[in-house]
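Geometric and topological summary
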Amino acid sequence: MTFDHHGATTLSDAFDLLARHGDDAYLLAGGTSFVLLYQQGLIRPGHVIGLRGVPELRGIHRDGQGHLRIGATTTHRQAETSAVVRAHCPALAETFGRVATVRIRNQATVGGNLVHADPAQDPPPMLIALGAAVILASRSGVRQVELDDLFVDSLTTVIRPDEILRELVIPPLAAGTRAVYLKFLPRTADDYATVSVAAVASGGRVRVALGGAGAVPIRAHAVERAIAAGATIDDAAAAVDADIDPMSDIRGSASYKRRMARVWTARALRRVLA
């Protein structure tokens, strides 16, 4: 690997480095996505800007309005074992614990996972079902983007070149909220899912999202509408066909993924609506 590494120590420092090196710069948090993309020849930056030394990107807390806020450079292991995350939503802590192996979780970051935008990763469906958003910061200010709107295509987001993902924000949950994340793994336990499903039942509403079922993590609006209209769980799960657009790969054909999406959506709905 041939590039210059710059360790940012503040968010302002990171903005300066981005402005200085422009399109030749790459932001690095945990580095797990960077290694994959570099090995595949998909990126060849001349300058890599390390973010692990930026204090504004760290930490997990609940704010005065009850929102759970997770800094971008928080590792999956930190989120998985956080008492604050577990108190807010046990299923979210469990989802972070489903990512790869503990060795990877100790290195890979929550923000890096979202920016990488692989449609088969574990946290995005759960976060979409929880109504999460990200805070994007730049020299010109900050903006909040719902997770539903963050992903454009595989490995592509709406994040602008001058922006840095600062934190993840999960809204407060109503009393009695039920949430589940199910991951269908035909291979090893640390693999990406063939299909994954997250479902959250809260305040009389159900939100459902899937991973591995298209070019981006998908919000299953047709399933949600079917449940709201009083459909049976099996009929609502069958409606997922209208939401997904799976691609054939080493984890299954598109038709197989469609069948598994229906099966696992039904299982997730039964878990939260029982």
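Quick caveat: nothing in here was measured; it's all calculated off a predicted structure.

Strands belonging to one sheet form pairs held by backbone hydrogen bonds; the direction of such a pair is parallel or antiparallel. Read from one edge to the other, the open sheet built from three strands follows the order E1-E3-E2, with strand pairing classed as parallel. Two strands in the sheet have a free side with no partner beyond their single neighbour: strand E1 (4–7) and strand E2 (25–28). Taking each pair of neighbouring strands and ignoring which way they run, the sheet shows an average axis angle of 25°. Taken together, the four bridges between E2 and strand E3 (residues 47–50) define a ladder with parallel strand orientation. Bridged to leucine 28 within E3 is glycine 50. Where helix H1 (residues 11–21) meets the sheet, its contacts fall on E1, E2 and E3, and the angle it forms with E3 comes to roughly 170°.

Turning our attention to the pattern of salt bridges. Applying the stated criterion across every chain yields a total of 19 salt bridges. For aspartate 63, the salt bridge goes to arginine 69, with nearest N and O atoms at 2.8 Å. Classification of arginine 69 as buried rests on a relative accessible area of 18%. With its nearest N and O atoms 3.7 Å apart, the salt bridge here joins arginine 258 to aspartate 241. With arginine 258 in helix H12 (residues 254–273) and aspartate 241 in the loop between helix H11 (233–238) and H12, the pair connects residues that are 17 residues apart, well separated along the chain. For arginine 258, a relative accessible area of 25% translates into the label partly exposed. The class for aspartate 241 is partly exposed, based on a relative accessible area of 31%. The network of salt bridges with common partners includes Asp63, Arg69, Arg166 and Glu167.

The rules behind the values
- Residues numbered from 1 in each chain as written.
- Predicted model: local features only at pLDDT ≥ 70, side-chain atom pairs only at ≥ 80, totals over all residues.
- Heavy atoms only, no water.
- Pairing = 2+ DSSP bridges.
- Helix = DSSP H or I, 4+ residues; strand = E, 2+ residues; numbered from the N terminus.
- Axes fitted to C-alpha atoms, helices over the stretch in contact; angles between N-to-C directions.
- Contact = heavy atoms within 4.5 Å.
- Salt bridge = Lys/Arg side-chain N within 4 Å of Asp/Glu carboxyl O.
- Buried < 20%, exposed > 50% of the residue type's maximum accessible area, 1.4 Å probe, protein only.

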